[in-house]
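# Report on the structure
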Amino acid sequence: MIRVKTIHIEEFRGIRDLDLDLDTKNFGICGPNGTGKSGVVDAIEFCLTGDVTRLSGQGTTGLSVKTHAPHVDQHEHPEKANVTITADIPSMHKAVKIHRSVKNPRKVNITPVDADVKGVVEELQTHPEFALSRREIVKYIITPPGKRSEDVQTLLRLEHLEKLRKSFTTLNNKRKGEADEAERNRRQAETDLGNALKIEKLDRALVLEKVNEKREILSLKSLTELTKDTSFKAGVAAPKAAEDKPALRKAVALADLSALQSAINGGEPAVLVENRQAAKSVLEKLRDDEQALTLARRHGFIKTGLELITEDACPLCDKPWKVDELREHLRRKLLGAEKIEQLLQQLRANINAVLQSLSERIHAVEQAIQYSQSLKLPVQQTQPAAYLKQLKDAETALNDFLKDHSRIEPAAQAVVRSWWSPKADQQARIDELHAAVKALPDTSAEDEARDILSVAQDRYEKLLRETKTAREQKSRRAVAQKVLDHYNNSCTGVLEGIYDQVAKDFSRFYCVINREDEEKFVGKLTSAPAKLSFDVDFYGRGLFPPGAYHSEGHQDGMGFCLYLALMKHTLSDKFTFAVLDDVLMSVDAGHRRDVCRLLKSEFPKTQFILTTHDRVWLQYMKTEGLIVRSQSFGGWTVDAGPRVWDDYDIWTEIQGELDNDDVAKAAWLLRRYLEYTATIFADNLRAHVEFRGDGHYDLGDLLPQVLKEWRKRLEDGEKSAAHWKRDDEKEDIASKRTKAKELIAKTNAEQWAINPSVHFNEWANLQRQEFQEVVGAFKELLENLRCENESCKSYLYVLPRKGKAEEMRCNCGITNINLKAGA
Amino acid sequence: MANKDNHVGLSPTVLHVVEQFVAAMRADDGIQGDAIRRLEKLLRKGAVAKPDEINAALFDPPPGGET
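### Some points on the overall build of chain A
Each helix and strand in chain A was counted, giving 26 helices and 17 strands. Taking all 823 residues of chain A together, 38% fall into the buried category. Counting only contacts in chain A whose residues sit at least 6 apart along the sequence, the fraction spanning at least 24 positions is 66%.

### Observations regarding helix α8 (residues 204-217) of chain A
Residues and elements named next belong to chain A. Along its 14 residues, α8 runs 20 Å from first to last C-alpha, staying within 8% of the 20 Å computed at 1.5 Å per residue. Taken together, the buried positions of α8 are occupied by V207, K210, V211, K214 and R215. In an axial view of α8, the angular spread of the buried residues amounts to 140 degrees, which keeps them on one side of the axis. Set apart from the buried face of α8 by more than 90 degrees, the exposed residues are A205 and E216. Contacts from the buried residues of α8 go to α7 (158-197) and α17 (445-513). Positive backbone phi, approximately 55 degrees, marks S219, located one or two places after α8.

### Remarks on the interface of chain B and chain A
Interface extent is often summarised as the accessible area lost during association of the parts. On the chain A side, the residues contacting the 23 residues of chain B number 30 residues. Secondary structure elements with two or more residues in the side of chain B that touches chain A: α1 (12-26) and α3 (51-59) of chain B. Sorting elements by how many residues they give to the side of chain B that touches chain A places α1(B) first, with nine residues. Taken together, the residues of the side of chain B that touches chain A sort by class into 14 nonpolar, seven polar and two charged.

### Considerations on the pairing of strand β1 (residues 3-12) of chain A
Residue and element names in this part refer to chain A. By the bridge criterion, seven bridges tie β1 to strand β4 (residues 82-89) in an arrangement that is antiparallel. Each bridged residue has a counterpart across the sheet, and for R3 the counterpart in β4 is D88. Here β1 pairs with strand β2 (residues 15-21) via six bridges, running antiparallel. Bridge assignment links E10 to a residue of β2, and that residue is D17. Two successive antiparallel strands, β1 and β2, enclose a turn made up of two residues, where R13 displays a positive phi of approximately 50 degrees.

### Digging into the confidence of the model for chain B
Residue and element names in this part refer to chain B. Looking at chain B, the pLDDT average stands at 82 and 78% of residues meet or exceed 70. Ranking the helices and strands of chain B by mean pLDDT puts helix α2 (residues 33-43) first, with 95, and α1 last, with 91. The low-confidence segment residues 1-8, where pLDDT is below 50, has twelve contacts with residues more than four positions distant or belonging to other chains. Across the assembled chains, the prediction reports ipTM 0.91 with pTM 0.56.

### Details of the sheet that holds β2(A)
Residue and element names in this part refer to chain A. One open sheet accounts for five strands, arranged β2-β1-β4-β5-β6; its pairing is antiparallel. For this open sheet the edge positions go to β2 and β6 (108-111), each flanked by a neighbour on one side alone. Averaged over neighbouring strand pairs, the angle between their axes works out to 15 degrees when direction is ignored. Against the sheet, helix α1 (residues 37-49) makes contact with β1, β2, β4 and β5 (94-101), and its axis sits at roughly 105 degrees relative to β1, the strand it touches most.

Thresholds, definitions, all that
Residues numbered from 1 in each chain as written. Chains lettered and ligands numbered in written order. Predicted model: local features only at pLDDT ≥ 70, side-chain atom pairs only at ≥ 80, totals over all residues. Helix = DSSP H or I, 4+ residues; strand = E, 2+ residues; numbered from the N terminus. Buried ≥ 20, exposed ≤ 12 C-beta atoms within 10 Å, placed from the backbone. Contact = placed C-beta atoms within 7 Å. Expected span 1.5 Å × (residues − 1). Arc of directions from axis to C-beta. Nonpolar A, V, L, I, M, F, W, Y, C, P; charged D, E, K, R; others polar. Pairing = 2+ DSSP bridges. pLDDT = per-residue confidence, 0-100. Axes fitted to C-alpha atoms, helices over the stretch in contact; angles between N-to-C directions.

This is the structure we're talking about:
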């Protein structure tokens, strides 16, 4: 992945011409709604992927990148809408320039032309989730398990694994089908050889015995073993050319026809009757109970529907339902559908057994018709052909049903009546054929023996071939099954490990941003086929879906933490870049410092581009050291795009107003900023502020109490250092306390309640120079509350958050004032 | 050994599964080493392997040995 250095945007969305200098650092973009912040996010996404989710995702019918990504004045000139990003690729120590024009969104220009660099950019295209908006957060949290599974699997690139699993499964099914077919062919070849030698059940010794009987007639040496090279005909004189392959060999034909007659006369085997009746019963049930088949077809649909129910209405048609009743209704249907699925499995087994017998009978009838055609005075073939058609129709109907379960009727017809016994006229033709063959002039015993040996030899060789094929297919089927099993086991093992680790990271991240109120929080991801359940602890009362009891703010926090945990596992060291579009707005003020700390400590190698519409939040990110550079947007117009301030800083803006002699505006800005920071200080220092039921505290409520607390904490620190005889430390704190006292005095804040003329409400009435001094005093005072380490500069805070105060420290740990003065 | 560099586009998760999968096949005497090598090479190519491609890797070695 990359770290962005600069972004140049031309005529894209609401932006006319904009340059941003990120210098590969975390970067903040701030501005009120509608000032072009998200245009920057869209531009980054477009440049790196060629797409803009806002124009191509859900609910964007009628929108397109090519037409709507350019600035509205250039919507007919997509060639004028361009984005260029320069970036570093840390893993390669290379720099890259990426340029894309809306005119041809699929074409990206990469400089330098380097296969490795190109690979990195291509990889970015496959990870559009580097950009996350607030509305996308919820998809990880309150989404149904089936959809979450899809989203998470997409993020983790698991769809590749699922597609691969389908490939292995398809291959396995194909191999199974081929192995079954090969085995059927082998059995048929076995039956054919048995028929030729008049053996009911094939056995090596019996085959040799029967073959040797014939050879003895021909005065040939007996065979002693049956191998793949054995020739039943060894020593038999070669026939004359004209008789090379006689059309009909009476003995063999008689044997085959006798086998057919015998099978028909023996009646339908009990096993076949059972399978046919069982298939008939289920097929009729499916035919008569349309709902049953519908349930079978809608099994997956009902499951999804069940997961989508979140309120008192049908998720599909919005018809009002009580949520519990609707769930119960669908559960009943689901149970029915699962039962039907089991029934279908049994039905498939029954039909396969019927198909096996059908296949054998078709072969026998085809042989009979072939014999019939070979007779000099042919027997009428119409009836056997009709019987053959009936058999083949039944075979087709059953095979069709196996492919498409909606084709019930023909399949039911195929098993409702037995096809085992042909109709009387068909049977009569078969009898007639049998008689005709029987009536053929007898051949000599020698000729008959020669014929039988010849046919048996052919059928033996076929049996050998079919056996070899069946063995190979069986072996391949076994390998395909093993491969599928190994693949499924590997997937399950790896995914369970990943889900466990993601859940652990998620829980840890969430604890970091909510450590005060949910220190022992745990989250659990449970994987089941095609769904991923997600349950979280609710204050030790058990595990529940996130939407069950947690507030929306907490749910947003969870979504954010789950996103980070997933990204960490998806990209690992490659997670060097993320764009969070107003994502942190959902975090309440009390948890912002923790969020900043989480991003800084857990993702030090990731460049975050953060947008917010809250300028104070932006300032806070700066003071916490999360971002170094930023850009503020404001005053957007359709003609000019966003108005931009370089590297926004509240003090710069206040100074700007003073330079314009607008003391009132400068006073307003200072007050607004101090109100916000005073809230943070009150929280950090655990100041004693008079409680207000409406939660609205003005600067007068907060700042005097904060400053009083600040001096007291420093005093406690000084006493503690003296107690533990840490003289240097005592001296440092004393010095800081003296400085604090001096600065507080300069701000007059402690005098606000006593002297109305110095109250902040009067700031707007001050002269520019007078207010300049006030600004300077507060700026210096706020510095006094920070860590002095330039790379930290965080505001000090008291730990623990409740109970007896033990220490006052900064984020980096360099400033750590012990507040305990003995046991 | 398959060329492990030839897997642009495969996520770490997929690569991890492929590694575990190949190790499991290697521990199975019922699957030939050559077939495993061909299949591993195919799986690391990046695109999802099709059933016919898997079939060829497992059962139909190219004439003249592995490519």
